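Chain residues, written in single-letter form:
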Amino acid sequence: MKNIITFAVFILFSLQSYGNLGFVTIESSAPDAPMRYYPNGTDSVIRIPAEIKLEVLDKTVISGVTRFMPSVTWYKVQFNGKSGWISEFVTTSADLHNN
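Here the structure is a predicted model, which means the values were calculated and not measured.

Draft legend 1. Representation of the overall build of the protein within the structure. Helix and strand counts for the protein stand at one helix and seven strands. For the protein, the proportion of its 99 residues judged to be buried stands at 39%. Residue pairs at least 24 apart in sequence account for 59% of intrachain contacts in the protein once pairs closer than 6 positions are excluded. Approximately 5,800 Å² of the protein is accessible, and the part contributed by carbon and sulfur atoms is 53%.

Laid out in structure tokens, this is it:
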């Protein structure tokens, strides 16, 4: 039930999708960064070690998260044969094209 509610909330937010963008790196202070099934999700597909550079397959900006975070950028990546989404808050550097 929690996943359905979270997914419904995800659908309601304003989304922008950009396409293949470049690379992001997991920051060193975020060991075992969670890769989510979908943006703003709570369940993890897999955890990604710090300082791993990942190709960005897609980028989504979710607006209206909270009044303190008006928007959050999520990057779709692939790691160890699995794909999912990581938050901008666990990345330290981005080498992106077509922002």
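Still to come is the rest of the account.
Draft legend 2. Quick look at the pairing of strand 4 (residues 53-63). Relative to strand 4, strand 1 (residues 22-26) is paired through four bridges, and the arrangement is antiparallel. Along strand 4, the bridge assignment pairs Gly22 with Val56. With seven bridges joining them, strand 4 and strand 5 (residues 71-79) adopt antiparallel strand pairing. Bridging from a neighbouring strand, Thr60 pairs with Trp74 of strand 5.

Draft legend 3. The arrangement of the packing of aromatic side chains in detail. Following the criterion strictly, the structure yields zero aromatic pairs and no others. Its guanidinium or amino end placed over the ring of Phe23, Lys53 lies 5.0 Å from that ring's centre, counting from NZ or CZ.

Draft legend 4. Summary view of the nonpolar core. If you look at the biggest cluster of nonpolar residues, it comprises 17 residues, and the most contacted ones within it are Val24, Ile26, Ile48, Leu54, Val77 and Ile86. The set of elements that each furnish at least two residues to this core consists of strand 1, strand 2 (33-36), strand 3 (44-48), strand 4 and strand 5. Core analysis: the second largest hydrophobic core is formed by five residues, Ile62, Val72, Trp74 and Trp85 among them.

Draft legend 5. A look at the environment of Lys82. Looking at the element boundaries, Lys82 is found in strand 6 (residues 82-87). Distance in space between the C-alpha atoms of Lys82 and Ile46 is 7.8 Å, their sequence separation being 36 residues.

Draft legend 6. Broad picture of the confidence of the model for the protein. For the protein, mean pLDDT is 79; residues scoring 70 or higher make up 73% of the total. Counted against residues more than four places away or in other chains, residues 5-18, with its pLDDT under 50, gives 28 contacts.

Draft legend 7. Just unusual backbone geometry, in detail. In this structure, Asn40 is a non-glycine residue whose phi angle is positive, near 65°. On the basis of relative accessible area, Asn40 is assigned to the partly exposed category, the value being 23%. The phi dihedral of Asn80 falls on the positive side, at around 50°, and the residue is not glycine. Relative to the assigned elements, Asn80 resides in the loop between strand 5 and strand 6.

Calculation notes
- Residues numbered from 1 in each chain as written.
- Predicted model: local features only at pLDDT ≥ 70, side-chain atom pairs only at ≥ 80, totals over all residues.
- Heavy atoms only, no water.
- Helix = DSSP H or I, 4+ residues; strand = E, 2+ residues; numbered from the N terminus.
- Buried < 20%, exposed > 50% of the residue type's maximum accessible area, 1.4 Å probe, protein only.
- Contact = heavy atoms within 4.5 Å.
- Areas by Shrake-Rupley, 256 points an atom, 1.4 Å probe, with all protein chains shown as cover.
- Pairing = 2+ DSSP bridges.
- Phe/Tyr/Trp six-rings, centres within 6.5 Å; stacked < 30°, edge-to-face > 60°.
- Lys NZ or Arg CZ within 6 Å of the ring centre and 35° of its normal.
- Core = buried A, V, L, I, M, F, W, Y, C linked by side-chain atoms within 4.5 Å.
- pLDDT = per-residue confidence, 0-100.

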